[in-house]
Amino acid sequence: MIELQLDGKSPGNLKHRASINVDIGGTFTDCLIIYDDRMVFGKAPTTSYNLSKGFMQALRETVVSLDISLEDLLESTEMIRYSTTLAINRLIERKGPRLGLFTTEGFEDTLPAGRGGSWGDGIPISEMRNLPRMKKPEPVIPRHMIVGIKERIAASGKIVRPLDAEDTLAKLRYLVNQGAQGFVVCLISSYANPIHEQKIRDLIQRQYPESYLGSMLVVLSSEVSPRWREYPRMVATMLSAYLQRSMSDELKGMGDELRSAGYKRAMMMVHNSGGMAEVYRTTALNTFNGGPVAGLIGSAYVGKSQGFKNIIATDMGGTSFDLGLVVEGSPGFYQYHPVIDRWGVEMTMLESRSIGAGGGSLARLDPIMANKLNVGPQSAGSMPGPACYDLGGTEPTVTDADVVLGYVNPDYFHGGKIMLNREKAVEAIREKIAKPLKIEVEEAAWLIKKIIDGIMAGEIFKETVLRGYDPKEFAVFSFGGAGPTHCCGYSFGAGVKKVVTFLQTPVFCALGSAVMDVIQFYEASRYIPMMRPGNREYFTDYERFNEIVEGLQKRAIRDLEGQGISPQAAIFSLELEMRYGGQLNMKRVSSPRLFIRSKEDVTAVYNQFEKEFSEAYSPLSVYPEGGVDISSFIMRSSFLSPKFELPRYPLKSTKAPAGAYKGEREVFWEELGHFHPTDTYEQSLLEAGNILEGPAIIEAADTNIVLPPGRRYTVNEYLSGIIE
């Protein structure tokens, strides 16, 4: 548990002002509290059987250092921000309800058939080479749970065939008899007119109202993803419905705990778009990858204040390794067609990569190639966790290897609150790895570390070089509990020259959520021929364009007012999906005009499209003779939340204070080829200006910074550590 004194006092007439920021990972739950001009943070093990328990435990452990009660804190709290990896975990584990799918008659095979390239969605390149074993993803809704409804709406929104209510009720009874616990409704052209989807929901809710024990979840594609491509729209709706019930139950448990303790205000969910919104205005799909996105936003914010423009944000926790890029101060890489697990969807999401590489990653010998050692992606999680946790785990993990090598002090893990058993770690590595390979335990532990570092270095190299960037021009921001322990291995191995760690490293994603704005996206697929082919004449039906934009803005204003935010304080911006006539390539463009009222406005929009299209596909692809079409409108609503400033400290002596020195312990270093007596320091007692030379271990309550021989650690004026 750490406390910082922030710059400046909180404004306003309230006696105290506080915000709580929580990030629930697969192994630990992180908590960061800002209380007036103080910042405190801590963490507790994630309780996967009931997330609210770990959530409240992290909150109680962190609030202790404020010398106030939890009730007093919650009374002063204006906002709780919450990010989680719960959605993807539930999807990977396939722990959702049995669902039925209503679609238009004749389109029942859209989901199982997929797209031509969907067999490769979510598959690593190394596995794609094995074509005979490639399979399309198995939908979480099997074919016999998909029914076709007698109805049809044209792409214009006109009703071609009215909905047959009797047919719908008959299909409903069939799905219920097959065990359906919820329903996905995805009708063709519902993005243009959702009336039939809404009627189906009304029919279901009349048959199974909330007052019945058998009340049914109903999710409409026109509300989740009102886009014109039916397959990604159907997939997005399927995933939202599959994840919604479990997430709703978990969040309800947390809400009940908070209300019992006296909290009465908003609980905000971090969205993968880089913003946040109230829980009740969030779909389950919005929360996918929320934690890593918060870390990316936090990296851009902290990097701006500390002079880092190009950043590789890396988060190594207990279960996964997440990374993303900040280029020229902006986390500007968006995915508009991301792949979630094995399914491609259409949504706006900040791009980050996530692999199974963390402190809990399991080390196992390959069952086919007996002498090959694999590390990850499977994880021991928090229960039972690594063997050294002494909670029943017998499989060796990365954390066990770190303990054996001396990087982690068994008596100071989680600030001494969790005592690790080194003998259990040694035994697990000896029996599972060292003996079969006929090597020493220490060598086996070093192999585990080298392999996991190499995997992460490879991801960094691909994320930068394959985008055309030089890793040498970036600094790695290392956070997460296991990040600083391995940062030198995976960063310098990828060619990076500078690594930065922070006092807030163990809870950096929670820190990122604390600087997030309230941002939501609203989408509508509507076809408008903006420029006619041949003569380059612009369209003149400005009213139709503006009606679509006004409809999106009304939805945004409704949600803002529902969250207690004045629409006058919000910023609205528009993006358009456009393409040249006769071409397949679509480009999402930032429109320079929110509304179109003149030919000059239309010209400005086209010029922006031509500029961005030529940058994406080369100037040779520009083809105004074919005309220009608009296919989708995306409204972005932003409310800028107040930000805090991290404190700055005067630079002092380059020599670390005597109180920060903790003594020596034996640590294995590859550079030296053996265990070596190594100086250890307490991170919280280091001062701005201190310089440490490797080898050294810098310990914190919830992480360890491992400084190999030949590396230098400099504490800057923000108490961040720079390794070069």
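Scroll up to find the structure this text is about.
Procedures and definitions
- Residues numbered from 1 in each chain as written.
- Predicted model: local features only at pLDDT ≥ 70, side-chain atom pairs only at ≥ 80, totals over all residues.
- Heavy atoms only, no water.
- Helix = DSSP H or I, 4+ residues; strand = E, 2+ residues; numbered from the N terminus.
- Rg over C-alpha atoms; globule rule 2.2 N^0.38 Å.
- Buried < 20%, exposed > 50% of the residue type's maximum accessible area, 1.4 Å probe, protein only.
- Contact = heavy atoms within 4.5 Å.
- Areas by Shrake-Rupley, 256 points an atom, 1.4 Å probe, with all protein chains shown as cover.
- Lys, Arg positive; Asp, Glu negative; His and termini not counted.
- Charge placed at Lys NZ, Arg CZ, Asp CG, Glu CD.
- Pairing = 2+ DSSP bridges.
- Axes fitted to C-alpha atoms, helices over the stretch in contact; angles between N-to-C directions.
- Expected span 1.5 Å × (residues − 1).
- Bend = angle between axes of the 7 residues up to and from the residue.

**Q** Looking at this structure, how should I read the overall build of the protein?
**A** Per the secondary structure count, the protein includes 17 helices and 35 strands. Computed over its C-alpha atoms, the radius of gyration of the protein comes to 27 Å, within 12% of the 27 Å expected for a compact globule of 724 residues. Counting only C-alpha atoms and orienting by the principal axes, one finds that the protein spans roughly 80 × 60 × 55 Å. Counting every position in the protein, which comprises 724 residues, the buried fraction comes to 58%. In the protein, once contacts between residues fewer than 6 apart in sequence are set aside, the share between residues at least 24 apart is 68%. Total accessible area on the protein is roughly 30,300 Å²; 51% of this is exposed by carbon and sulfur atoms. Across the protein, 79 positive and 87 negative side-chain charges occur, with their mean positions spaced 4 Å apart.

**Q** Hey, could you run me through the sheet that holds strand β10 (residues 182-186) in this one?
**A** Strand-to-strand pairing in sheets goes through backbone hydrogen bonds, with the strands running parallel or antiparallel. Reading across from one edge, β7-β6-β10-β11 is the order of the four strands in this open sheet, with parallel pairing throughout. A strand with exactly one partner marks an edge of an open sheet, and here the two such strands are β7 (146-149) and β11 (217-220). Recorded for the sheet is a direction-independent mean angle of 20 degrees between the axes of neighbouring strands. Bridge count for β10 against β11 is four bridges, and the pairing is parallel. Its bridge partner lying in β11, Gly182 is registered against Leu217. Relative to the sheet, helix α6 (residues 165-177) contacts β6 (99-104), β7 and β10, its axis offset from that of β7 by approximately 175 degrees.

**Q** In this structure, what is going on with helix α9 (residues 230-260)? I would like to understand it.
**A** Helical geometry: 3.6 residues make up each α-helical turn, so side chains three or four residues apart lie on a common side. For α9, built from 31 residues, the straight-helix expectation of 45 Å at 1.5 Å per residue is met to within 8% by its first-to-last C-alpha distance of 44 Å. Helix geometry: α9 is bent most strongly at Gln244, by close to 40 degrees.

**Q** What am I meant to see in the sheet that holds strand β30 (residues 674-682) here?
**A** Pairing is mixed across the open sheet formed by four strands, whose spatial order is β29-β30-β32-β33. Looking at the sheet topology across the chains shown, the edges are occupied by β29 (661-669) and β33 (704-707). Across the sheet, the mean angle separating the axes of adjacent strands is 30 degrees when strand polarity is ignored. When strand β32 (residues 696-699) meets β33, the two strands line up antiparallel, connected through four bridges. Within the sheet, the bridge partner assigned to Ala696 lies in β33 and is Leu707.

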